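Letter by letter, the chains look like this.
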Amino acid sequence: MILVKGMQMAPARRNLCRCFIFLWKEVIQMDSLWHENRKMFHEVCHGHYGRKMIISKRTSIQNATQAIEELERALPIHNQNRREIDYLYHYVSGDQPILYRRKEVRPEINNKIVENHAWEITRFMIAQNYGEPIQYVSIGDSKEISEEVEKLNRFMKVRSKDYHDVVLGDWQSSCGTAYKDVWSLKRNEVDDREPMFDMESPDPRYNFIIYSKAKGKPALMSVSIQKDDKDRTIYYCTTKSMVYCICEGKNISERMTINGYGRIRLVEFPNNPRRLSDLELVITIWDGINNVQSNRLDGVEQFVQAFIKFVNCEIDETTFLKMCKIGALKVKTVNPSMPADVSSVSSELNQEQTQTLKDDMYKSALMVLGMPGREQNTGGDTGQAVYLRNGWDFAEQRAKIDEPVTKRAEREFLKIVLNILKTKQQISPKLTIADIDIKITRNKTDNMLVKAQALIYLLERGIHPKIAIQTCDLWGDPEKVYLQSKDYLDAIYKTAAEKQNELEEQQRRSIELASATSKGGDGS
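The shown structure was predicted, so the numbers you read here are calculated from the model rather than taken from an experiment.

This part covers the overall build of the protein. A tally of helices and strands in the protein yields 15 helices and 14 strands. Looking at the protein residue by residue over its 524 residues, the buried ones come to 42%. Long-range contacts, defined as pairs at least 24 residues apart, comprise 69% of the intrachain contacts of the protein with a sequence gap of at least 6. By element, 54% of the accessible surface of the protein is carried by carbon and sulfur atoms, the whole surface being about 30,400 Å².

This is how it looks when you write it as structure tokens:
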């Protein structure tokens, strides 16, 4: 399309042109993802921390035209989210602003040190939430449901869900949000006894969800950005009923398909309700530590390479270079009232105060993130005392706050999986999301003796074995432990009905024995 200056366009044609130009600009931005994190993060997010939730004014999308309109409205917000995610992603990988700093004074001494604590905190958060595989536990006493839930756990293990959860947790912690996609497989694509579905945790820079303004803000449309064989940007927009393929502002009708799943397959897993990453909460502290450490090394180097000061004596460049080579210098005082002197101009940085500053900044970051400290045991403390003193208990409580956010998204993911498995007749149609509880497990070895004693106490007090096994938190897969131990538990621990029947049987036998004894006494 060629436009001449002063040329007038019809409103509809002008809107189409605007849409085309807008999408074309987005293609350019997609191709320029690789960059250098020269700016500070607050300059990138403009003071609006956390990823923005894209909310539509509609409650449903009926056709391709509406899908294109929603995509056009959503792309500016997604572009900003993508810039922030890309910055944080590369920051964790080590591309941090300190690497591009400039010095005005003595620019030849410019050390650029990155202490990548961003990697440290993301690794810790991933281990805290996904170090052990997420397990599904049945709700209720039905043996059939328990066996189906155990089958579901096996299916997830076959599909390496624990790996995909680690990838998802990496995006969650470092960028504030993550996504999980799940799809069905054909029978000829899987081996015997393998589940007919697969999953992945896609890049959130190329995937996002548009939510409805209706109550509860359900997902309205998911968008996946890809490149075709002609290097054109393609937007796959999935609603509950259709999948639209949009390129250059137009829907490609021959690629448009019906969504046979009946729901949006892409599920968002936000890091927290605000969609804040763990990194951006303390990113200015990490920048400060990098600056302190770089200046610290500059101070050492400047002390070693200090300027030479000549007082009341003159020396040419040749003599000075010769002095530097042999390491000695001879000066002569001409006027006794003005003695000659040669010395270095240096001021050594106080390393102790610098280390104190650095430690204080590091501890402040740990407190904000709810991470445990690194203090050494001074002796005399029990394991539980160290656990409480160093902040491990606080870290556990902070992790539990975000558990409901992950569980809510996991339930949406499970709904899609159950729908696929039921359609493929690989799981009982009786199994519903209401029968499944989600258990996020963490450290199983701490206070093992206390946990074992708690388990024994709960069982002896008549608590249901499955509830006791779940409560004591000794095993990562309590459902499997309960099923495999059920026969042994039934032999040791009786239910109230069984105890009542046993008591009644003992009373009946006692009555029969007393009756037989009395009859024998009368006959004698």
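Within the structure shown, the criterion is met by five aromatic pairs. Centroid distance Phe41 to Tyr49: 5.9 Å. Interplanar angle 45°. Geometry classified as tilted. Judged by relative accessible area, Phe41 falls into the buried class, the value being 1%. Classification of Tyr49 by relative accessible area gives partly exposed; the value is 38%. A ring pair is formed by Tyr87 and Tyr91, whose centres lie 6.2 Å apart and whose planes are at 25°; its orientation type is stacked. Of the two residues, Tyr87 and Tyr91 are both situated in helix H3 (residues 64-92); the distance of four residues between them amounts to about one turn of the helix. The same class applies to Tyr87 and to Tyr91, which are both buried. Following the ring pairs from residue to residue traces out a cluster consisting of Phe41, Tyr49, Tyr87 and Tyr91. Geometry around Phe413 places Lys180 over its ring, the cationic atom sitting 4.7 Å from the centre.

Next up on the list: the side chain of Gln66. Within the secondary structure layout, Gln66 lies in helix H3. Residue class for Gln66 comes out buried when judged on its relative accessible area of 18%. In this structure the side chain of Gln66 is engaged in a polar contact, spanning 2.8 Å, whose partner is the backbone nitrogen of Gln62.

Taken N-terminus to C-terminus, the directions of helix H12 (residues 448-460) and helix H13 (residues 465-472) make an angle of 160°; their axes are 9 Å apart at the nearest point. When the axis of H12 is compared with that of H13, the two are roughly antiparallel. Seen from above, H12 lies across H13 with right-handed handedness. In this structure, H12 uses Lys451, Leu455, Leu458 and Leu459 to contact H13, whose residues at the interface are Pro465, Ala468, Ile469, Thr471 and Cys472. Partitioning the contact of H12 with H13 into residue classes produces seven nonpolar, one polar and one charged.

This part takes up the pairing of strand E6 (residues 219-227). As defined by bridge partners, strand E5 (residues 207-211) adjoins E6 across five bridges and the pair is classed as antiparallel. When the bridges of E6 are listed, Asn207 appears paired with Ser224. With six bridges joining them, E6 and strand E7 (residues 233-238) adopt antiparallel strand pairing. Looking at E7, one finds that Ser222 is bridged to Thr238. From the end of E6 to the start of E7, which pair antiparallel, there are five residues, and Asp231 there has a positive phi angle of about 65°.

For the coordinates displayed, the defined rule picks out one cavity of 30 Å³ or more. Roughly 120 Å³ of internal volume is contained in the largest cavity. Taken together, 16 residues make up the lining of the largest cavity; nearest its centre are Lys52, Asn81, Tyr179, Phe208 and Glu268. Only H3 and E5 provide two or more residues apiece to the lining of the largest cavity. Counting residues per element, the lining of the largest cavity draws most heavily on E5, which supplies four residues.

Conventions used here
- Residues numbered from 1 in each chain as written.
- Predicted model: local features only at pLDDT ≥ 70, side-chain atom pairs only at ≥ 80, totals over all residues.
- Heavy atoms only, no water.
- Helix = DSSP H or I, 4+ residues; strand = E, 2+ residues; numbered from the N terminus.
- Buried < 20%, exposed > 50% of the residue type's maximum accessible area, 1.4 Å probe, protein only.
- Contact = heavy atoms within 4.5 Å.
- Areas by Shrake-Rupley, 256 points an atom, 1.4 Å probe, with all protein chains shown as cover.
- Phe/Tyr/Trp six-rings, centres within 6.5 Å; stacked < 30°, edge-to-face > 60°.
- Lys NZ or Arg CZ within 6 Å of the ring centre and 35° of its normal.
- Polar contact = N/O pair within 3.5 Å; in protein donor to acceptor, adjacent residues only side chain to side chain.
- Axes fitted to C-alpha atoms, helices over the stretch in contact; angles between N-to-C directions.
- Parallel < 35°, antiparallel > 145°, perpendicular 65-115°, else oblique.
- Left-handed = near helix turned anticlockwise from the far one by under 90°.
- Nonpolar A, V, L, I, M, F, W, Y, C, P; charged D, E, K, R; others polar.
- Pairing = 2+ DSSP bridges.
- 1 Å grid on protein atoms, 1.4 Å probe; cavity = no way out; pocket = protein on both sides within 12 Å on 5 of 7 lines; lining within 4 Å.
- Points joined across faces, edges and corners; volume = space filled by probe spheres on them.

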